Amino acid sequence: MLWGYLYFPQLQLDLLTKLNGKLSADGCNSDGNDGHSGNGQKANSKPIAIIDTQHHQVIQLNPAAEQQGVSLMMGLATAAALCNELHVIPYDKRLEQQELSRIVEHLYDNVADIACDGATGLYLRFGNMLRLYHGMAPLAAKLHQLLGGLAVRYHYASAYSPKAAKVLAESKFDCFEEDKNSIDKALAKLPVTHIFKQTIEQQQLARLGIEHLSQLQQLSIADLSKRFSQSFLHDYLRLMGKKLMNIKFYQPKPHFYYHLELLYEISRVEVLLKPVALVLDKLAHFLLVRSYASHMLTLTCYYRDGGDIRWEIHSAEPCDSAAQWHQLIALQLAKIRFTQPVVAIALDCTQLALKTSMTPDLFAANVPRLNLLTLVSLLQAKLGQEHVQKLNINAEHQPELANQMISVWRADNEANKRNVLKTQCAAFQHFPEHMTRNKSQNSLQDKSDNKPQDKYFLNHSPILRPSYLLVTPEPLTERVSIIHGPERIETGWWQQTVVRDYFVAYNEQKQWCWVYRDHESRWFLHGYFG
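Here is what the cut-offs are and how they apply
Counting of residues starts from 1 at the beginning of each chain's written sequence and follows it residue by residue. Local features in a predicted model are, by the rule used here, given only for residues with pLDDT of at least 70; side-chain atom pairs are given and counted only at 80 or more, and totals for whole chains, interfaces and linings are based on all residues. As a convention, hydrogens and water are excluded, and side-chain values are obtained from all of the structure's heavy atoms. Labels follow the DSSP assignment, with helices taken as runs of H or I lasting at least four residues and strands as runs of E lasting at least two, numbered in each case from the N terminus. Burial classes follow relative accessibility: with a 1.4 Å probe on protein chains only, a residue under 20% of its type's maximum area counts as buried, one over 50% as exposed, and anything between as partly exposed. For this analysis, residues touch if any pair of their heavy atoms sits within 4.5 Å. Only the protein chains shown count as cover for residues, and all accessible areas are computed by the Shrake-Rupley method using a 1.4 Å probe. One bridge is not enough; two strands pair if DSSP finds at least two bridges between them. Interaxial angle, 0 to 180 degrees, is taken between N-to-C directions of lines fitted to C-alpha atoms, where a helix line uses only the stretch in contact. pLDDT measures the predictor's confidence residue by residue and takes values from 0 up to 100. Remark: nonpolar core denotes a set of buried residues (Ala, Val, Leu, Ile, Met, Phe, Trp, Tyr, Cys) joined through side-chain atoms within 4.5 Å. The scheme is simple: roughly parallel for angles under 35 degrees, roughly antiparallel for over 145, roughly perpendicular for 65 to 115, oblique for anything else. The sense of a crossing depends on the near helix, which, turned anticlockwise from the far helix by less than a right angle, makes the crossing left-handed and, turned clockwise, makes it right-handed. Salt bridges are defined as contacts in which a side-chain nitrogen from Lys or Arg sits within 4 Å of a carboxyl oxygen from Asp or Glu. Working rule for helices: expected span equals 1.5 Å times residues minus one. Each C-beta atom gives one direction from the helix axis, and the arc is the one those directions make.

Engineer: For this particular structure, what's the right way to read the overall build of the chain?
Structural biologist: Broken down by element type, the chain carries 18 helices and 19 strands. When each of the 530 residues of the chain is scored for burial, the buried share is 42%. A separation threshold of at least 6 residues defines the contact pool for the chain, and within that pool the share at least 24 residues apart is 60%. Working note: accessible area of the chain is about 29100 Å², and carbon and sulfur atoms make up 51% of it.

Engineer: Where do I start with the sheet that holds strand β5 (residues 114-117) in this structure?
Structural biologist: Hydrogen bonds along the backbone pair up the strands of a sheet, which may run parallel or antiparallel. On the basis of which strands lie adjacent, the open sheet formed by four strands has the order β5-β6-β1-β7 and antiparallel pairing. Each having just a single partner strand, β5 and β7 (155-159) make up the two edges of the open sheet. Taken pair by pair, the neighbouring strands of this sheet meet at an average axis angle of 20°, ignoring direction. Of the strands in this sheet, β1 (3-7), β5, β6 (121-125) and β7 are in contact with helix α7 (residues 162-170), which crosses β7 at around 150°.

Engineer: What is the right way to read unusual backbone geometry from this model?
Structural biologist: As a rule of thumb, non-glycine residues mostly have phi less than zero, and peptide bonds are mostly trans rather than cis. Notably, His134 is not glycine yet its phi reads approximately 60°, a positive angle. Position of His134 relative to the elements: it lies in the loop between α5 (127-133) and α6 (136-148). At Ala151, a position not held by glycine, the phi torsion is positive, near 55°. Mapped onto the secondary structure, Ala151 falls in the loop between α6 and β7.

Engineer: Even after reading the chapter, I still don't get the confidence of the model for the chain, so can you show me in this structure?
Structural biologist: In the predicted model, the chain carries a mean pLDDT of 80, and 79% of its residues have values of at least 70. In the predicted structure, residues 411-421 sits below a pLDDT of 50 and forms eleven contacts with residues beyond four places in sequence or in another chain.

Engineer: I'm lost on the pairing of strand β8 (residues 256-266) in this one. Help?
Structural biologist: If a strand is regular, its side chains alternate between the two faces of the sheet. The buried fraction of β8 amounts to nine of the eleven residues, a majority that puts the element mostly inside the structure. Here β8 runs beside strand β11 (residues 342-349); their pairing, made up of seven bridges, is antiparallel. Across the sheet, the residue bridging to Ile266 is Val342, located in β11.

Engineer: So what exactly am I meant to see when it comes to the nonpolar core here?
Structural biologist: The nonpolar side chains of a soluble globular protein tend to be buried with one another. Residues Leu6, Phe8, Leu107, Leu122, Phe126, Leu187 and Leu216 are the most contacted members of the largest nonpolar core, which totals 58 residues. When residues in this core are grouped by element, the largest group, six residues, is from α6. Residue contacts for Phe126: discarding those within four places in its chain leaves Leu2, Trp3, Gly4, Met136, Leu139, Leu143, Ser158 and Phe176. Within the second largest apolar cluster, 36 residues are counted, among which are Leu15, Leu280, Leu283 and Leu287.

Engineer: Explain helix α8 (residues 180-188) to me, please; I cannot follow it from the model alone.
Structural biologist: One full turn of an α-helix is made of 3.6 residues, so residues set three or four places apart face in the same direction. Listed in full, the buried residues belonging to α8 are Ile183, Ala186, Leu187 and Ala188. Those residues of α8 that are buried are in contact with β7, α7, α11 (213-217) and α13 (230-239).

Engineer: Teacher, can you tell me more about the packing of helix α14 (residues 269-290) against helix α15 (residues 322-333) here?
Structural biologist: Axes are the key here: two packed helices are described by the angle between their axes and the distance separating the axes. It is the contact of α14 with α15, at a shortest axis distance of 9 Å, that shows an interaxial angle of 150°. Between α14 and α15, the interaxial angle falls into the category roughly antiparallel. In this structure, α14 crosses over α15, and the sense of that crossing is right-handed. Seen from α14, the contacting residues are Val269, Leu273, Val276, Ala277, Leu280, Asp281, Leu283 and Ala284; seen from α15, they are Ala322, Trp325, His326, Ile329, Ala330 and Leu333.

Engineer: Looking at this model, I keep getting lost on the environment of Asn403. Mind explaining?
Structural biologist: One can find Asn403 in strand β14 (residues 403-407). A sequence separation of ten residues divides Asn403 from Ile393, and the C-alpha atoms of the two residues are 4.7 Å apart.

Engineer: Would you explain the sheet that holds strand β16 (residues 480-491) in this entry?
Structural biologist: Strand order in the open sheet formed by five strands is β15-β19-β18-β17-β16, and the pairing between neighbours is antiparallel. The sheet is open, and its two borders are formed by β15 (468-475) and β16, each paired with just one other strand. This sheet shows a mean twist of 25° between the axes of neighbouring strands, independent of strand direction. Across five bridges, the pairing between strand β18 (residues 512-518) and strand β19 (residues 523-528) is antiparallel. Residue Trp514 lies in a different strand from β19, and its bridge partner there is Gly527.

Engineer: I tried to follow the pattern of salt bridges on my own but got confused; where do I start?
Structural biologist: Pairs can form between side chains of opposite charge once their charged atoms are near each other. Applying the stated criterion across every chain, the model contains 15 salt bridges. Salt-bridge contacts for Arg94 lead to Glu261; the nearest nitrogen and oxygen are separated by 3.6 Å. With Arg94 in helix α4 (residues 93-107) and Glu261 in strand β8, this pair connects stretches of sequence that are 167 residues apart. Note on Arg94: relative accessible area 42%, which makes it partly exposed. Judged by its relative accessible area of 22%, Glu261 falls in the partly exposed class. Among the salt bridges present, the one from Lys197 reaches Glu170, with a minimum N-O distance of 3.9 Å. Here Lys197, found in the loop between α9 (192-195) and α10 (199-207), pairs with Glu170, found in helix α7; they are 27 residues apart in sequence, far enough to count as distant. Classification of Glu170 by relative accessible area gives buried; the value is 19%. Beyond isolated ion pairs, a larger network of salt bridges with shared partners links Asp92, Arg94 and Glu261.

Engineer: For this particular structure, what's the right way to read α6?
Structural biologist: Taking 1.5 Å per residue, 13 residues should reach 18 Å; α6 reaches 18 Å between its end C-alpha atoms and fits that length. Among the residues of α6, Met136, Leu139, Ala140, Leu143, Leu146 and Leu147 are the ones counted as buried. End-on view of α6: buried residues confined to an arc of 130°, all on one side of the axis. Pointing more than 90 degrees away from the buried face of α6 are the exposed residues Ala137, Gln145 and Gly148. Contacts from the buried residues of α6 go to β1, α4, β6 and α5.

Structure, rendered in C-alpha cells:
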C-alpha cells in the first residue's frame, strides 16, 4: 500500500504571517492605541521567531529574521542580541493542531483517507486515490493546487509504509514517487540520526559505526533485538513496513469552531472586523462543501488579561454567506467599546441545517430587493433581539388579549396560530342557527331605515372580527343598528369572569362597528370594521 506524508515545519508562523499580511493589505495591521503597533511595515519585513519556551530555542523563523543572522535551534539570548527588533512569540502546539485540523478539512473532499500526526504532519493513504485519479501525477497536482491556496510551507514524500513516508518528507524529499526501488534508494541514504531521535539510540548506533540506514539494513532482526530496545525495534519494523501502525483516519466534524490568535493587540472594532472576515471565509467554505446553513453564530473575543466577551449573532433565515454574517457582526459590534485589547477571537457554529433555496418568481421584476427575513436579521443586529417583535395570535377568547407582541424567535408561533383557529372554529359551530341571524334591536337602536340591505350581511363568515380594535372598550354613546349577533364570549372564570354578547352594528356615520353588552346590560364600543 502506497502512503504519502505532508510535513508542515512552521504552521504557527505561516498562520501569523498570513494574518499579518491580510491586515497590512487592508491598511490596518496595527492599532493606534496599542503598544505593538509598529510602523506599518509589510508582513514579511518584520523579523519574527517562534520560541520553544521549555528550552528557550528558536524553532521557527521568517526570512527577515534569518537575514539578521538568526537560525533554527539558536538560543533566545543569542537571537535577541543579533536582532534587537526580533518579534518573539511562544510556541503554541494547540494552535498548530487546530490549524492542521483545518488543513485536513480542506483536503478531505479530495483525499478521503487522511490522518493527523501530532501537530506538524498528515498521513495520506494513496491506494484507493490512485485508481480515482488514474495515477500519481494527477493526484499530486491536485494536492499541490489545494495546498497552494493555503499559503503554508510544506514538504512531502511517498513510500510503502507510513513511517518511511514521514522520514522522507521530514528530510525534504519533496517527491511523490510510485517506484519502490527509487523510494528504497532514497531511504537507504538517510542518516540514522534523522530517523531515530532518541539520544540513547543515536549513541548506540554511533558505537556500532552505523551512520546511514543502508548499514542498519545489513543487520538481521535477531541481531537488532539483542543490541537495541524493544521500542527501537518496533520503530525499525514500522519503517520497513513489517509492522502495522495504528492510524486513526479523519472523520468530518459535525460543527464549526475556529480559534485565531492575533498577531497584534486590537482595541478598535473596525480593526477587529478584518480578522473576523478571515474566520468567516473559512466558515463559508465549511458550510458550502456540506450544503449547510446556520441561524446563529457565537463570537468570542479574548482579552489580554485572560477574560473574554461573547456575542450570539442571529439570522432570521438560514445563512451561509460570509458577507452577510460579516454585516450582522459589524452592526452588533458597532455599539461595543472594548475595555481591554483583544488578543484572540473564536467563532463557533453548532446550529446547522441543510440549505434550502427558494425559487424566484419568474415574472417578478429583476431588481435587488431586501428579503423580509434579512431585514429582520439586520434590525436585530442593530437594535437588539429583544427590541424586534411581531404580532402573534394568542390562545385567548377575550378579544383584547387575543393578540400579543412576541419575539420573532418564538418557535411555537405557527403552532399557536393553528390552535387558536381550531378553537375559534369549534366554538362557532356550537352557536344556534337563530343566534347567527338575529336582527333584534336594543334601546339605542336607530328606528329609521338607514341600515343596509341583507345582501351586505356577512352571515357566511364563521367569525367576524374588526380590523381596528380599541385598546380599551369605550361606552357606547351613539345610536346604532344591530346587524349581526349576538356572539357570546364567556371566559376568565379562574381570574375575573368576563361575560359579553358581541354584535356587528351600523352607526349614523355609515361605519361598521363591533359592540357588546356585558352582564349588567351596559353597552360598549370595541372596534371598527374596515
